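Close look at the chain arrangement
Each chain, letter by letter, is given below.
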There are 2 protein chains.
Amino acid sequence: MENSNLLQQVEFIKEIDKLKYIQRKTKLFNSDRCENDAEHSWHLAMMTIILAEHANQALDILKVLKMVLIHDIVEIDAGDTFIYDTTKNHDNAEEELLAAKRIFGILPANQAKEFIEIWVEFEDGFTEEAKFARSMDRFEPLLQNTSNNGGTWAEFNVSYDKVYNKKKVIEKGSSTIWDYAEKLLGDSVEKGILKK
Amino acid sequence: MENSNLLQQVEFIKEIDKLKYIQRKTKLFNSDRCENDAEHSWHLAMMTIILAEHANQALDILKVLKMVLIHDIVEIDAGDTFIYDTTKNHDNAEEELLAAKRIFGILPANQAKEFIEIWVEFEDGFTEEAKFARSMDRFEPLLQNTSNNGGTWAEFNVSYDKVYNKKKVIEKGSSTIWDYAEKLLGDSVEKGILKK
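Procedures and definitions
- Per chain, the residues get numbers from 1 upward, laid out in the order the sequence is written.
- Each chain gets a letter, beginning with A, and each ligand a number, beginning with 1, in the order they are written.
- For a predicted model such as this one, the threshold for reporting local features is a pLDDT of at least 70, and the threshold for listing and counting side-chain atom pairs is 80 or more; totals across whole chains, interfaces and linings nevertheless cover every residue.
- As a convention, hydrogens and water are excluded, and side-chain values are obtained from all of the structure's heavy atoms.
- In DSSP terms, a helix is any run of H or I states spanning at least four residues, a strand is any run of E spanning at least two, and both are numbered starting from the N terminus.
- When we talk radius of gyration, it's over C-alpha atoms, and the globule rule is simply 2.2 Å times the number of residues to the 0.38.
- For each residue, the accessible area found with a 1.4 Å probe, counting protein chains only, is set against the maximum for its type, and the residue is called buried under 20%, exposed over 50%, and partly exposed in between.
- Between two residues, a contact is recorded if the distance between any of their heavy atoms is within 4.5 Å.
- Each accessible area is a Shrake-Rupley result for a 1.4 Å probe, and residues are judged covered by the shown protein chains and nothing else.
- Neither His nor the chain ends contribute to the count of charged residues, in which Lys and Arg are positive and Asp and Glu negative.
- Working definition for charges: the position is that of NZ of Lys, CZ of Arg, CG of Asp or CD of Glu.
- N or O atoms within 3.5 Å of each other form a polar contact, as long as, within protein, one can give a hydrogen and the other can take it, and as long as residues adjacent in sequence are counted only when both atoms are side-chain atoms.
- Among buried residues, the Ala, Val, Leu, Ile, Met, Phe, Trp, Tyr and Cys ones that are joined through side-chain atoms within 4.5 Å form a nonpolar core.
- Within this document, salt bridges are pairs made up of a side-chain nitrogen of Lys or Arg and a carboxyl oxygen of Asp or Glu, the two lying within 4 Å of each other.
- Once two parts are put together, the accessible area they lose, assessed with a 1.4 Å probe and summed over both, is termed the buried area.

**Focus: the overall build of chain A**
- Secondary structure summary: chain A contains 11 helices and two strands in total.
- Secondary structure of chain A in N-to-C order comes out as α-β-β-α-α-α-α-α-α-α-α-α-α.
- Taking 2.2 N^0.38 as the reference for a compact globule, 196 residues should give roughly 16 Å; the C-alpha atoms of chain A span a radius of gyration of 17 Å, in line with that estimate.
- Each of the 196 residues in chain A was classed as buried or not, and the buried ones make up 56%.
- The contacts of chain A with a sequence gap of at least 6 include a subset with a gap of at least 24, amounting to 67%.
- Of the accessible surface of chain A, which amounts to about 8,300 Å², a share of 47% is contributed by carbon and sulfur atoms.
- Counting 25 positive and 35 negative side-chain charges, chain A places the averaged centre of each group 3 Å from the other.

**Considering helix α3 (residues 61-70) of chain B**
- Among the 10 residues of α3(B), eight are classified as buried, and the element is accordingly described as predominantly covered.
- Restricting attention to buried positions, one finds in α3(B) the residues B:Ile61, B:Val64, B:Leu65, B:Lys66, B:Met67, B:Val68, B:Leu69 and B:Ile70.
- Against the buried residues of α3(B) lie α2 (37-51) and α3 (61-70) of chain A together with α2 (37-51), α5 (93-104), α6 (109-124) and α7 (128-147) of chain B.
- Two or three places before B:Leu62, at the start of α3(B), stands the capping residue B:Asp60, its side-chain oxygen 3.2 Å from that residue's backbone nitrogen.

**Things to note about the nonpolar core**
- Ranked by internal contacts, the top residues of the largest apolar core, which has 122 residues, are A:Ile73 and B:Ile73.
- Excluding anything up to four places from it in sequence, A:Ile73 contacts A:Phe12, A:Ile16, A:Leu19, A:Ile103, A:Phe104, B:Trp42 and B:Met46.

**A closer look at the pattern of salt bridges**
- Taken as a whole and assessed by the stated rule, the structure comprises 30 salt bridges over all chains.
- Linking B:Glu114 and B:Lys66 is a salt bridge whose minimum nitrogen-to-oxygen distance equals 2.7 Å. With B:Glu114 in helix α6 and B:Lys66 in helix α3, the pair connects residues that are 48 residues apart, well separated along the chain.
- Here B:Glu171 and B:Lys168 are joined by a salt bridge, their closest N and O atoms 2.5 Å apart.
- A relative accessible area of 31% places B:Glu171 in the partly exposed class.
- Via salt bridges that share partners, A:Asp17, A:Lys20, B:Arg24, B:Glu35 and B:Glu140 belong to a single interconnected network.

**Examining the interface of chain A and chain B**
- At the interface, 53 residues of chain A touch 53 residues of chain B.
- Between chain A and chain B lies a buried interface of about 4,700 Å² when both sides are counted; carbon and sulfur atoms form 75% of it.
- When residues of chain A are sorted by the area they lose upon contact with chain B, A:Ile13, A:Lys20 and A:Trp42 head the list and together hold 16% of the total.
- Inspection of the region where chain A meets chain B yields four salt bridges.
- Here A:Glu140 makes a salt bridge to B:Lys20, at a shortest N to O gap of 3.7 Å.
- Connecting chain A to chain B are 26 residue pairs in polar contact (both at pLDDT 80 or more).
- Elements with a minimum of two residues in the side of chain A that touches chain B: α1 (4-15), β2 (34-36), α2, α3, α6 (109-124), α7 (128-147) and α11 (175-191) of chain A.
- Examining the composition of the side of chain A that touches chain B, we find that 11 residues originate from one element, α2(A), more than from any other.

What follows is the structure, encoded as structure tokens:
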């Protein structure tokens, strides 16, 4: 019973419950209700499983799943930064690294190390797994905004070029999904829900 | 672009957004706010990754993750059934199977087949993966209720014996986690938040 690993793990399980309170700017599909980070992370995990066949390269799916499930946990301390926010540099990397060390540090040392490394790998975006995880992270809000008459693009008056540049990251993970995403962006301009 | 698999997959991704609206009876940790099924599924996925080392047998972790991520999707059609509800038999298996066929049926045929099989395997609970996935599904609300002064046990006046019998399923997945859970149940009786 006095399993110290388990006690640390239970503390971590309680701590990450806070992710359910971190609100994103994007709304659920066809909805006015903001998505929270836990819901978002679940959705990316489902998308990873379903869409992995379209990846540019063979993937270690388990690693991609770990990435998308944990990628926003640092926001428990560092908060959500809106991707089109022009008042910040959108680079709170230092704050996020401190958060990763504190929160993953609740776990037993070997797991803390693994999770911090996976989170850094996701942030760096160099490996195939990180590229695909990041493409999921950009694709979900694109689908949400197109289902919500432009969603955050309309709400915060974000131009086609800015959106296009942020979304092009999808191509690094999957050119098939990017072809589709690019067409959705074009359709959004035609429909008047994204301004060129 | 005319990738018909991708179009079906995107339809599925939109459909399962509805899981975020399915409210459970249990509340978030130290909270009055009900948890929804998407948040719950994310938490079980995190618990699976973190706690797999305590499993009774070696596991195919990727399969357990698929199980916990999809296990409640049928509730989009069939609704959440409270585990201690005595007015129903807690067996809406037929309704849930219809739901699985409709919702997973949105996917390309090979994926639909895989997901239905994984969901059935989880429900049956015979394989090591299903046993561990089910133990996670019982352990999370136990942790929530102990953090919430008894939570649904107190709210719905559920006795120690009933809780104990439902939670004993944890042992099939992990005797280590069950030892800990059993102690938490005993502590809850001592604290007066669970009635013997």
